[in-house]
Every structure is written in structure tokens, then in C-alpha cells.
Amino acid sequence: MKYETVIIGGGASALMLAAQLPKGRAALIEHNPKPGAKILISGGGKCNITNEKMGSAFFLAEEAFVRYALEAFDQDDLIAWLKKRGLEVEIRKGSQYFCKHSAKDIVNLLSKEASKQKLILSEEVLDVEKRGAYFTIRTDRRSYSVKEVVVASGGLSFPRLGASDIGYRIAEAFGHTVTRTAPALVGLTLQKEQFFFKELAGASTDVVITVGEHKCEGSLLFAHKGISGPAVLDASLYWEKGTIEIDFMPGFALDRIKKSKKQLSTMLPLPKRITKAFLIQLGIKDSPCYQVDTETYRRLETLHRYRLAPAGTFGYSKAEVTKGGIATDEVDERSMMSKRVEGLYFTGEVLDVTGRLGGYNFQWAFSSAYCCAKDIKGER
Ligand SMILES: Cc1cc2nc3c(=O)[nH]c(=O)nc-3n(C[C@H](O)[C@H](O)[C@H](O)COP(=O)(O)OP(=O)(O)OC[C@H]3O[C@@H](n4cnc5c(N)ncnc54)[C@H](O)[C@@H]3O)c2cc1C
């Protein structure tokens, strides 16, 4: 059978695109035996689909590029589209949309909607060439000749779930620039000075992390390999190298406890285990707060702006996303079509667009797919 469009990948973006196109228009090629592998494990198994708070400010990307797609198919459009097809959602943490029951529900829904196209599973795309008006997509089984190719093959994170560099290789083969890629939304490893953190593995506390001009609030989890948890994952998006600053006692004024007869370790707003480790590190003897001298309080103040220089990240095997990717100034923001090659499209994470923690990466995968579908259908 002859298709007009081949979609490379079977993740969030590819499935949404397949769902939006007219029946039988496209073949979707995924090298996993099932589509949507990442969606299944996302959001702790419940998939953080999107966020009520949306906008280009939540992305590390060229502002004008992301804005168009986010407005063309925004979080309300997405949730309405999913609900109309029977998905039950719930809002958690104030503004984040999750599946009410399981991420399986959204994978099943998307797979069903996408099944009006040919879904080709367990087949790996090897390369793409263009001769005249037609692309040849070569896989490990055969070749396809089509008018349009959509590269929705994602980034490099979680190789065990099928991530590959095929999208970047295809883009480069067609003369596109691929900006430097790095793991993001990922834990950070530590230098020698913070090795005492490792003894705290398993403990967590609320913090505010400052990276350059960005502030990331939430929980910090001490892990065996370094630090993790939502605030750290979010901060990793902006961290390149150099120091980050952690406020371990956000909103807490030490003045409040200075007259107390209780022990410092009882009054500081951190879990006991963490407090004790910091007191040892700062060379502070646990004693009643009113007996503590000014110099000691000055040292405790440093917990509001604890500076550390991460050694690196936990890497692609643990990263939720890949930052960097196909340069967006070479792609049309309204259609996601290459400005260099007619009929070649890129959607989702393969582009140099990375969202913060909180459902932004799926929103991008879906919004960019929506714009691409509009263009392919000639509706733009
Ligand atoms: C553990 C984890 C949790 C996450 N949680 C969230 C969350 O809750 N909310 C959120 O917004 N984002 C989350 N993300 C990020 C989100 O999953 C991605 O940003 C999103 O899936 C990107 O969609 P995509 O379609 O562009 O790429 P992907 O979903 O990665 O899909 C790309 C597909 O292409 C396939 N592929 C690759 N190479 C080839 C090839 N050569 N031939 C054929 N097929 C190929 C892959 O197997 C994959 O199925 C999470 C990611 C991880 C890893």
C-alpha cells in the first residue's frame, strides 16, 4: 500500500499526529513492539499530561518558536480533546494534569485514535533520502517512498525504552543544525565537598534552587549518586556548569527561634537527619537556641544560600528529557516543516525545545504534532 506520509517514531508526538491526520494517510514506524513506551512510565505511572500554567516561559527554547504551537493547541484544547475521547484526568500539585487512573489510559486512547493510520511496529528506521519530490525511508526490513516525512523520534533519554539519535542524524543529513544535546530533568552528581550528602540518601526536604536567573521550588531528594527530586530535576534544565545555590530553609527566618529554649536541631525547619548532618558540617554544636552566638547564626544563615558546583548529571539513562536538538530557526514554527527541505517535518522532543518539569514536554509533543497535522492536511 502506498502512503503519502511516514511518521518516524511511535511516542507521544507521533501518536497525536497520526490521530489528527485523515484515515489511511500515513504509516507510523516505531522500533519498539508497542507504541508510547515513555508515556507509560511517565509521571510515576500516571502521566503528567500538561499544566494549567502554560506559556513559552516554561520552556528552554526560542520564545517565538514555541509560542505559536502552544497557542494553536493549548492545554485546554488538549484536555478537552482527551476528555471528549473518554480520558479521566485529575489536577495535582495545584496545576498539573495527570491521568486519574493510569498512564495506560492515555496510551490506549492515543493508540486507538492513531490506529486509523498504518502502525508498523518492531521496525527500525535507518535513514532517509530525498530524490526529486519523494523521500525514501529505509528501515531494517524494507523501504518506503513518500511525499512527506515527519521525524518524531524524540531525544536520547532513556535508551532502554528505545531512544535513539536517528532524528538528529536525519536532520544533519539534510543540512540541518543540531545544537549541543545534554541530559535534562535529571539528578545531579556531587563533588568531594558534598560527599556527606550521600549519607543522607533517602531523605528529602523542600528547597528553592537558584540557577542563574531561574528559581526552582520543590522537593530535593538526597540520593546515593547525588541529589534528585523535582526541584533538582527542574534546576538541571538550566544548569550547564558552575555553581547553583540552594535555599534549604525557604521562607524561614532564624530570628524566630533565637529566644527559644529548645535545641537548635528541634527548631530548624529541616528533617532531623538533615539538620544533624548540616550542624556537623558547619561545626555547630547542638544547643538551646537562646545560647547560640551571633557567629553561629551567621553560619546557619548560609543554609539559605548553600552553594554547590555539581560534578555532572546522572546521564541519559536517568534523564527525563534531552535538551538541545534540531535548531528551531531552520524550522517553520507554524507547520514544523523544515525551511530547507520541502515535505520534511520535525515534531516533539527531537527539536531544540525543552520544557520544565510539570507536563510541559508532553504539551510540546502534542502541540507541535497538531501544527504539523494542520499543515499536512492543508488547513493552515
Ligand atoms: C521517566 C520519564 C518520565 C517522564 N514524565 C513526563 C511527564 O510526566 N510529563 C511530561 O510532560 N513529560 C515527561 N517525560 C518526557 C516525555 O516523555 C517526552 O518529552 C515525550 O515523550 C517526547 O515525545 P516524543 O514523541 O517527541 O518522543 P518519544 O516519546 O521519545 O517518542 C519517540 C519514539 O521514537 C522511537 N524511535 C527512536 N528511534 C527510532 C528508530 N530508529 N526507528 C523507529 N522508531 C524509533 C522511540 O522508540 C520512541 O517510541 C518523561 C520522560 C521520562 C523518560
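Below, the structure is looked at part by part.

Calculation rules
Counting restarts for each chain, with residues numbered from 1 along the sequence as it is written. Local features in this predicted model are restricted to residues whose pLDDT is 70 or higher, and side-chain atom pairs enter the listing and the counts only when it is 80 or higher, whereas totals over whole chains, interfaces and linings include all residues. Each side-chain value is derived from all of the structure's non-hydrogen atoms; neither hydrogens nor water enter the calculation. The pairing criterion for strands is at least two bridges between them, as found by DSSP. Here a strand is any run of E in DSSP of at least two residues, a helix any run of H or I of at least four, and the numbering for each starts at the N terminus. Think of it this way: one heavy atom of a residue within 4 Å of a molecule or strand is enough to make that residue near it. A 3.5 Å cut-off defines polar contacts: any pair of N or O atoms within that distance qualifies, except that in protein one atom must be a possible hydrogen donor and the other a possible acceptor, and neighbouring residues in sequence count only when both atoms are side-chain atoms. Surface accessibility in these figures is a Shrake-Rupley result with a 1.4 Å probe; residues are shielded only by whichever protein chains are displayed. Each Phe, Tyr or Trp ring, with Trp reduced to its six-membered ring, pairs with another whose centre is within 6.5 Å; inter-plane angles below 30 degrees give stacked pairs, above 60 give edge-to-face pairs, and intermediate values give tilted ones. Summary of the burial criterion: residues with accessible area below 20% of their type's maximum are buried, those above 50% are exposed, and those between are partly exposed, where the area comes from a 1.4 Å probe applied to protein chains only. By definition, being over a ring means that NZ of Lys or CZ of Arg is both within 6 Å of the ring centre and within 35 degrees of the ring normal. Every axis corresponds to a line fitted to the C-alpha atoms, with the helix fit spanning only the stretch in contact, and the corresponding angles, defined between N-to-C directions, vary from 0 to 180 degrees. Should any heavy atoms of two residues lie within 4.5 Å, those residues are counted as being in contact. By definition here, a salt bridge exists when the distance from a side-chain nitrogen of Lys or Arg to a carboxyl oxygen of Asp or Glu is within 4 Å. For our purposes a nonpolar core is just a set of buried Ala, Val, Leu, Ile, Met, Phe, Trp, Tyr and Cys residues, chained together by side-chain atoms within 4.5 Å. The directions considered for the arc are those from the helix axis to the C-beta atoms.

Read across the sheet, seven strands follow the order β18-β17-β14-β15-β16-β13-β19 without closing on themselves; strand pairing throughout is antiparallel. The sheet is open, and its two borders are formed by β18 (306-308) and β19 (312-313), each paired with just one other strand. Both strand β14 (residues 204-211) and strand β17 (residues 244-247) contribute to a ladder of three bridges, which runs antiparallel. Bridge pairing links Ile-209 to Ile-246 in β17.

Before going further, it helps to spend a moment on the site of the ligand. Surrounding the ligand, one finds 35 residues, the nearest of these being Glu-30, Asn-48, Ser-164, Glu-349 and Phe-362. Here an oxygen atom of the ligand sits 2.7 Å away from a polar atom, N or O, in the side chain of Glu-349. At 3.4 Å, a backbone N or O of Gly-359 approaches an oxygen atom of the ligand. Summarising the interface, the protein chains cover 95% of the accessible area of the ligand, which totals 1000 Å² for the free molecule. For the shell around the ligand, the secondary-structure elements that each account for two or more residues are α1 (12-20), α2 (37-41) and α11 (360-376). No other element matches the four residues that α11 contributes to the shell around the ligand.

Overall, the coordinates contain 16 aromatic pairs when judged by the stated rule. Between Phe-58 and Tyr-360, the ring centres sit 4.7 Å apart and the planes meet at 5 degrees, which makes this aromatic pair stacked. Taken together, the residues span a long stretch of sequence, with Phe-58 in the loop between β3 (48-51) and β4 (59-60) and Tyr-360 in helix α11 at a distance of 302 residues. Considering the side-chain rings of Phe-197 and Phe-278, the 6.1 Å spacing of their centres and the 85 degrees angle between planes classify their relative orientation as edge-to-face. Of this pair, Phe-197 sits in the loop between β13 (188-189) and β14 while Phe-278 sits in helix α9 (residues 272-281), placing them 81 residues apart in sequence. For Phe-197, a relative accessible area of 0% corresponds to the buried category. Look at Phe-278 and you get buried, because its relative accessible area is 2%. Clustering of aromatic rings is evident, with ring pairs tying together Phe-196, Phe-197, Phe-222, Phe-248, Phe-278 and Tyr-306. Here the guanidinium or amino end of Lys-258 rests over the ring plane of Tyr-297, the centre of that ring lying 4.9 Å away.

A separate point is the sheet that holds strand β5 (residues 89-92). Strand order in the open sheet formed by three strands is β3-β6-β5, and the pairing between neighbours is antiparallel. Of all strands in the sheet, those bounded by a partner on one side alone are β3 and β5. Going across the sheet, the axis of each strand differs from the next one's by a mean of 30 degrees, ignoring polarity. Where β3 meets strand β6 (residues 96-99), three bridges bridge the pair, whose relative direction is antiparallel. What sits directly across from Thr-50, in β6, is Tyr-97. Across the face of the sheet, helix α4 (residues 75-84) comes into contact with β3, β5 and β6 while running at roughly 140 degrees to β3.

Our next topic: the pattern of salt bridges. Per the stated rule, a full pass over the model turns up 22 salt bridges. One salt bridge in this structure joins Glu-123 and Arg-141, with 3.5 Å as the shortest N-O distance. Residue Glu-123 is found in the loop between β7 (118-120) and β8 (125-131), and its partner Arg-141 is found in the loop between β9 (134-139) and β10 (143-146); the two are separated by 18 residues along the sequence. Of the residues examined, Glu-123 reaches a relative accessible area of 0% and is grouped as buried. Among the ionic contacts, a cluster of salt bridges with common partners joins Glu-4, Arg-25, Lys-147 and Glu-148.

Our focus in this paragraph is the nonpolar core. Where a protein is soluble and globular, its nonpolar side chains tend to be buried together. Counting 79 residues, the largest nonpolar core has Ile-7, Ile-49 and Ile-137 as its most contacted members. In terms of residue count, the dominant contributor to this core is α11 (11 residues). When near neighbours in sequence (up to four residues on either side) are disregarded, Ile-137 contacts Val-6, Ile-29, Val-125, Asp-127, Val-128, Arg-142, Ser-143, Tyr-144, Val-146 and Val-149. By size, the runner-up hydrophobic cluster in this structure holds 45 residues, among which are Ile-209, Tyr-238, Phe-252 and Phe-278.

Within helix α10 (residues 294-301), the full set of buried residues consists of Thr-296, Tyr-297 and Leu-300. Along the long axis of α10, the arc covered by the buried residues comes to 100 degrees, so they all point the same way.

Right, let's get into unusual backbone geometry. Even without a glycine there, the phi angle at Ser-122 is positive, about 55 degrees. Positionally, Ser-122 belongs in the loop between β7 and β8. For Ser-122, a relative accessible area of 35% puts it in the partly exposed group. Positive phi, normally seen in glycine, also occurs at Met-336, with a value near 70 degrees. Topologically, Met-336 is positioned in the loop between β20 (321-323) and β21 (344-346). With a relative accessible area of 0%, Met-336 lands in the buried category.

Examined against the element boundaries, Val-321 turns out to sit in strand β20. Beyond its immediate sequence surroundings of up to four residues, Val-321 is in contact with Ser-157, Ala-182, Pro-183, Ala-184, Leu-185, Glu-349, Thr-354 and Asn-361.

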